Amino acid sequence: MEQLEKSKMKKKDIFEKISGHEQVMFCNDPKSGLKAIIAIHDTTLGPALGGTRMYPYESVEAALDDVLRLSEGMTYKCAAADLDFGGGKAVIIGDPQTDKSPALFRSFGQYVESLNGRFYTGTDMGTTMDDFVQALKETNFISGIPEAYGGGGDTSIPTAIGVIYALKATNKYLFDNDALTGKTYAIQGLGKVGFKVCKHLLKDGANVIVTDLNEQAIKEIEQIGKKLGNPVTVVKSNEIYSVEADIFIPCAMGGILNKDTIPQLTVRAIVGSANNQLKYESLIHELHQKNILYAPDYIVNAGGLISVADELYGANQERVLNKTKTIFSSLLEIYEQAALESISTLEAADRKCLKTLEEQKNRNNFFSRFKKPKWHFNE
Ligand code: NAD
């Protein structure tokens, strides 16, 4: 009897945990060793879209927490970028170095197929395009595929372009002039996104201070700066927070805005592509106290998601660039709304997304939200 009560309690706990989500699917295939969780948070705006992460989670609970949090984030990201997609995400429990096999990803593809278009997925941390070429054998509900398979190509290009529009919007808001020249930018990370942003800024004649752990990337950008007659300043990775600059551009890893780094900052704004820059959300108030404007990362880095979503209509670069341009007006609106309502830019961004979701919910929908999208690619 006690046992029954205990198991009832457990069931209730799980349902409480997923109460904000539409659907959570546990995928268990002993033959291939697949253990995965697919979470669909909200399909108000369209089928769920989100990457698949592979990670050796220490427990199923940790994997579930991660997939619930990430899929909810995708609902906001899609709404913010005005995409007709909802929020979803998948996690595969396993070590990406040792536990991968073609059979595992084919099996995962079959689970995705079984959702019949309610969930579209692709690469994320721990998964690669090669993995998804296996999944593609079982399902077409995959996005972010190589150009050779009809995909939209390297997402870091639209992501970097989006960062440039976000920088322009920030300059417009702070200095009433969207030009990039005449300002100093501190860039953390010269990877796929940061390097492109840096090159664009150098070409525009801006002053740039950079840091990266990768010496090759530093050498390459130094050469480009020299060629353009606009040399970059290089600093050590722990020095980037305290340099004198107008805007800090984090393009490396998350959690870099924390109790140690925020006191060092002297910039007027933070506008970067890195995901989850704030170690925890309430730190935004410390930025506010220092009069530092924070551009919410999921607004700034939407270019990649725009490209992945666009691919499902048949990849079209021009359409991706046009949509990426809207990051300028969207961010400006968030800055203005935050000032008007005396709220943080993060709250203003979240409110904007919730409004989009509410409007769609209140609209007359003559078709089921769960209809198969008529633009399903490869048909
Ligand atoms: P990347 O791995 O290509 O580049 C990251 C760079 O940061 C590397 O050059 C690395 O050496 C450097 N780096 C790491 N730690 C550092 C440190 N402590 N100090 C200085 N440099 C450091 O990644 P990316 O694709 O350019 O993405 C950058 C960020 O933007 C990531 O947080 C990513 O999640 C986010 N993002 C990327 C895309 C995309 O399309 N690539 C889209 C959305 C968000």
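Keep in mind the model is a prediction, meaning the values are calculated, not measured.

S.K.: So what about unusual backbone geometry? Which residues, and what values?
M.R.: Even without being glycine, Asp82 reaches a positive phi, approximately 55 degrees. Looking at where Asp82 falls in the secondary structure, it is placed in the loop between helix H2 (60–80) and strand S5 (86–93). The class of Asp82 is exposed, set by a relative accessible area of 51%. One non-glycine residue with positive phi stands out, namely Asn291, at about 60 degrees. One can find Asn291 in the loop between helix H8 (284–289) and strand S12 (293–294). Since its relative accessible area comes to 56%, Asn291 is described here as exposed.

S.K.: So what about the pattern of salt bridges? Which residues, and what values?
M.R.: Applying the stated criterion across every chain, the model contains 17 salt bridges. Two residues, Asp65 and Lys17, come together in a salt bridge whose shortest N-O distance is 3.0 Å. Of this pair, Asp65 sits in helix H2 while Lys17 sits in helix H1 (residues 2–17), placing them 48 residues apart in sequence. Under the relative-accessibility criterion, Asp65 is labelled partly exposed at 36%. On the basis of relative accessible area, Lys17 is assigned to the partly exposed category, the value being 32%. Residue Arg351 is joined to Glu341 by a salt bridge in which the shortest nitrogen-to-oxygen separation is 2.3 Å. With Arg351 in helix H13 (residues 345–362) and Glu341 in helix H12 (residues 327–341), this pair connects stretches of sequence that are 10 residues apart. A residue is classified by how much of its surface remains accessible, and Arg351, at 38% relative accessible area, is partly exposed.

Criteria and cut-off values
- Residues numbered from 1 in each chain as written.
- Predicted model: local features only at pLDDT ≥ 70, side-chain atom pairs only at ≥ 80, totals over all residues.
- Heavy atoms only, no water.
- Helix = DSSP H or I, 4+ residues; strand = E, 2+ residues; numbered from the N terminus.
- Buried < 20%, exposed > 50% of the residue type's maximum accessible area, 1.4 Å probe, protein only.
- Salt bridge = Lys/Arg side-chain N within 4 Å of Asp/Glu carboxyl O.

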